[in-house]
Amino acid sequence: MKNIWKALPRPILILAPMANVTDSAFRQTVIRYGKPSLFFTEFVSADGLCSAGKDKLLPDFYFSESERPIVAQIFGANLETMRQAAKLVAQLGFDGVDINMGCPDRAVEKQGAGAALMKNPLLARDLILAAREGAPELPISIKTRLGYKNVDFEKWLPKILEARPAAVTIHGRTREEMSKVPARWEEIARARELIKKNDPTIAVIGNGDVATLSDAKQKSETYGLDGAMIGRAALGNPWFFSEQSQAPALKEKLEALLFHAELFDRLFRGKKNFLNMRKHAAAYVAGSIGAKELRMRLLGASTLEELRRVIVEALNISI
Ligand SMILES: Cc1cc2nc3c(=O)[nH]c(=O)nc-3n(C[C@H](O)[C@H](O)[C@H](O)COP(=O)(O)O)c2cc1C
């Protein structure tokens, strides 16, 4: 088995899975400026991948060779669909399978998936085993939190570790905290202790509130982790993994947004909603002085052509 979690140099710096954000268009835009050690896809439903509506979900699993190494993230609570979904992930050529065990979304939790799995560690363990059955050649990892209501990973994590995941990513908050309190890296370090005592070969990744590339490296080092995962700080900031320390000028941001939007349209026209680009557009210009009106105009664009017009006009004015 080719285990990327063992092979990658430390610290492993990862672009977090973010639904409707980290698709192939965004990942390829990130690569233009600076590539992380590892990519994750957005999460995709295991049940959905085994249903008649499967084809609608496949664009979420599209990737180009330049994005390797790349892990596919799945959510689900059914052993059979997890097994089949993992098999599909292997067939699609991914470098690993990750099971989401931290998502607080009600629709996800209602199925017993995502964060609800912290309350059902036996099932969580068996889901890892099922995924391994479906994709024996791929490393199976999980992404979870410090606990559901309280920080109590000691209670449920050991049961999950019985299935020997290749890596565990810990988001340093509980389910109840959502993203409202600062991430607790000291607690991530305690979880790391527990995991490494159980099996030192399991890679442990910290996640939550990483602000810059040097922050990611420093936190990995300080807390003895194999790496760090970065989510929101990369939104509207495909420069995150480059060594560039200063925020780019508005002109550069708009050029990157245009590249990103054109790629999105080329890859996903008719397959993914172009309105996904709105969140990106707002994030690219957030914090740029005097960009309030531009932001409103970008948000008003519902097709590539409209967005391009707004950007080209703004670039002409500012040149
Ligand atoms: C818009 C958005 C979508 C997300 N989608 C997923 C997802 O599909 N799978 C997942 O495991 N986590 C998802 N997350 C959580 C992030 O991966 C990450 O754990 C969280 O944002 C904390 O990291 P950060 O502080 O670096 O953003 C999402 C977060 C955001 C903001």
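Within each chain, residue numbers correspond to sequence positions counted from 1 in written order. A pLDDT threshold of at least 70 governs which residues receive local features in this predicted model, and a stricter bar of 80 or more applies before side-chain atom pairs are shown or counted, although totals over entire chains, interfaces and linings include all residues.

1. Considering the overall build of the protein
Selection rule: Secondary structure counts use DSSP, requiring at least four H or I residues in a row for a helix and at least two E residues in a row for a strand, with both numbered from the N terminus. In this setup the radius of gyration rests on C-alpha atoms only. A globule is expected at 2.2 Å times the number of residues raised to 0.38. Residues with at least 20 other C-beta atoms within 10 Å of their own are called buried, those with 12 or fewer are called exposed, and the rest are partly exposed. The C-beta atoms themselves are positioned from the backbone.
On a plain count of helices and strands, the protein comes out with 14 helices and eight strands. Rg of the C-alpha trace for the protein: 19 Å, near the compact-globule value of 20 Å for 319 residues, within the 12% margin. Each principal axis of the C-alpha atoms in the protein carries an extent, and together these give about 60 × 45 × 35 Å. Here the protein, with 319 residues, has 48% of them falling under the buried criterion.

2. Some points on the nonpolar core
Selection rule: Each nonpolar core reported here comprises buried Ala, Val, Leu, Ile, Met, Phe, Trp, Tyr and Cys residues connected via C-beta atoms within 7 Å. Boundaries between domains were set according to an automatic or database domain assignment. In this description, any two residues whose backbone-derived C-beta atoms lie within 7 Å of each other are considered to be in contact.
Core analysis: the biggest nonpolar cluster contains 96 residues, and Ile14, Ile74, Val97, Ala131 and Ile230 have the highest contact counts within it. Each of two domains, domain 1 (4-234) and domain 2 (250-318), supplies a minimum of three residues to this core. Other than its neighbours up to four places away in sequence, valine 97 contacts Val71, Ala72, Ile74, Ala86, Val89, Ala131, Ala135, Leu138 and Ile140.

3. What about the site of the ligand?
Worth spelling out the cut-off: Note on definitions: a residue is near a molecule or strand provided its C-beta atom, placed from the backbone, lies within 6 Å of it. Ten residue types, Ala, Val, Leu, Ile, Met, Phe, Trp, Tyr, Cys and Pro, are classed as nonpolar, four, Asp, Glu, Lys and Arg, as charged, and the remainder, Gly among them, as polar.
The environment of the ligand is formed by 21 residues, the closest being Ala16, Met18, Phe43, Gly231 and Arg232. Within the shell around the ligand, the residues separate by chemical class into 10 nonpolar, seven polar and four charged.

4. Quick notes on the domain arrangement of the protein
Along its sequence, the protein is carved into domain 1 (4-234) and domain 2 (250-318). Each of domain 1 and domain 2 has a C-alpha centre, and these two points are 29 Å apart. The partner domain 2 presents 11 residues to the 11 residues of domain 1 that form the contact. Within the side of domain 1 that touches domain 2, the residues separate by chemical class into five nonpolar, four polar and two charged.

5. Considerations on helix α9 (residues 185-198)
Put simply, the test is: Helix span is expected to be 1.5 Å times the residue number reduced by one. What the arc measures is the spread of directions leading from the helix axis to the C-beta atoms.
Over its 14 residues, α9 runs 20 Å from end to end, which matches the ideal 20 Å to within 8%, given 1.5 Å per residue. Taken residue by residue, α9 has Trp185, Glu187, Ile188, Ala191, Arg192 and Ile195 as its buried positions. Projected down its long axis, α9 shows its buried positions confined to an angular sector of 150 degrees, all on one face. Summarising the geometry of α9, the exposed residues directed more than 90 degrees from the buried face are Glu186, Glu193 and Lys197. Considering only its buried residues, α9 is in contact with β5 (140-147), α8 (153-161), β6 (167-174), β7 (203-207) and α10 (213-222).

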